[in-house]
Amino acid sequence: MATQTATAASAAGSTSSKPKEKKSQEIIAAEFQQLRNQQLNLVNNLNAIEMDLKEHKTVIDTLKTVDPSRKCFRLVGGVLVEQTVAVVLPQLELNKSQLEKLIEEGKEQITKKGFEINQYKDEHNIKMRGQEPSQPAASEKESAADEKSSGNRNVLVGNL
């Protein structure tokens, strides 16, 4: 019985090297995808902030043409508050400047995440279909293939 266990353990040890390699490729692919998802989330958040900024600019431009003593309503924490234009306009301008700062910070974060993704790709020799072919002939084949099937873009291919 002890010899059967030892034989089974040695057999499992020799075959377990392949699954470990495959698992490490899967882990690398999952980590790479996680980095890309993080970057996508940053982009989505930046787009939402840019939309808020656009809305702020529209409201500010509109309120500048209105009498400062005129009453207006502002949504604060889910509650509609009645105030005057003279009170609301400076608050909106302050919010607009803060949104502009957030947008700049968001762009920096996206750029940093892009560098991190590129570093990870280089470190693990990850190739993306349709990007940076290693041979000129390969680029012609890939561009022809991309024209035929555009659904295969941005597919992760690992060479480990």
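For clarity, every value in this text was computed on a predicted model and none was experimentally measured.

Student: Could you give an account of the overall build of the protein, naming the residues involved and the relevant values?
Tutor: Across its full length, the protein holds 4 helices and 4 strands. Listed N to C, the secondary structure of the protein is α-α-β-β-α-β-α-β in terms of helices and strands. The buried share of the protein, taken over its 160 residues, is 18%. Of all intrachain contacts in the protein linking residues separated by at least 6 positions in sequence, the fraction that spans at least 24 positions is 65%. Accessible surface computed for the protein: about 11900 Å², of which carbon and sulfur atoms make up 54%.

Student: Before we move on, can you summarise the packing of aromatic side chains with the specific residues and values?
Tutor: This structure, assessed with the given rule, holds 1 aromatic pair. Judged by centre distance (6.4 Å) and plane angle (15°), the rings of Phe 32 and Tyr 120 are stacked. One end of the pair, Phe 32, is in helix H2 (residues 17–64); the other, Tyr 120, is in helix H3 (residues 85–123), with 88 residues separating them in the sequence. For Phe 32, a relative accessible area of 2% puts it in the buried group.

Student: Can you tell me about the nonpolar core, naming the residues and giving the values?
Tutor: With 8 residues, the main nonpolar core is built from Ile 60, Leu 63, Val 66, Cys 72, Val 85, Val 88, Leu 89 and Leu 92. Looking at this core, the elements that each hand over two or more residues are H2 and H3. Among the elements that line this core, the one with the most residues is H3, at 4 residues. With sequence-adjacent residues up to four places away left out, Leu 92 is seen in contact with His 56, Val 59, Ile 60, Leu 63 and Arg 74. One finds Phe 32, Leu 35, Tyr 120 and Ile 126 within the second-largest nonpolar core, a separate group that totals 7 residues.

Student: Give a description of a negative patch on the surface that names residues and reports values.
Tutor: A contiguous patch of negative charge, built from Glu 100, Glu 104, Glu 105 and Glu 108, is present on the exposed surface. Assignment of secondary structure puts Glu 108 in helix H3. Residue classification places Glu 108 among the partly exposed positions, given a relative accessible area of 48%.

Student: How would you summarise the environment of Leu 53 if you had to cite specific residues and measurements?
Tutor: When you line up the elements, Leu 53 lands in helix H2. A relative accessible area of 9% means that Leu 53 is categorised as buried. Taking the C-alpha atoms as reference, Leu 53 lies 8.6 Å from Asn 95; in sequence the two are 42 residues apart. Setting aside chain neighbours within four positions, we find Leu 53 in contact with Lys 96, Leu 99, Glu 100 and Ile 103.

Scoring rules and cut-offs
- Residues numbered from 1 in each chain as written.
- Predicted model: local features only at pLDDT ≥ 70, side-chain atom pairs only at ≥ 80, totals over all residues.
- Heavy atoms only, no water.
- Helix = DSSP H or I, 4+ residues; strand = E, 2+ residues; numbered from the N terminus.
- Buried < 20%, exposed > 50% of the residue type's maximum accessible area, 1.4 Å probe, protein only.
- Contact = heavy atoms within 4.5 Å.
- Areas by Shrake-Rupley, 256 points an atom, 1.4 Å probe, with all protein chains shown as cover.
- Phe/Tyr/Trp six-rings, centres within 6.5 Å; stacked < 30°, edge-to-face > 60°.
- Core = buried A, V, L, I, M, F, W, Y, C linked by side-chain atoms within 4.5 Å.
- Patch = residues over 30% accessible without salt bridge, like charges linked within 9 Å, V, L, I, M, F, W, Y side chains within 5 Å.
- Salt bridge = Lys/Arg side-chain N within 4 Å of Asp/Glu carboxyl O.
- Lys, Arg positive; Asp, Glu negative; His and termini not counted.
- Charge placed at Lys NZ, Arg CZ, Asp CG, Glu CD.

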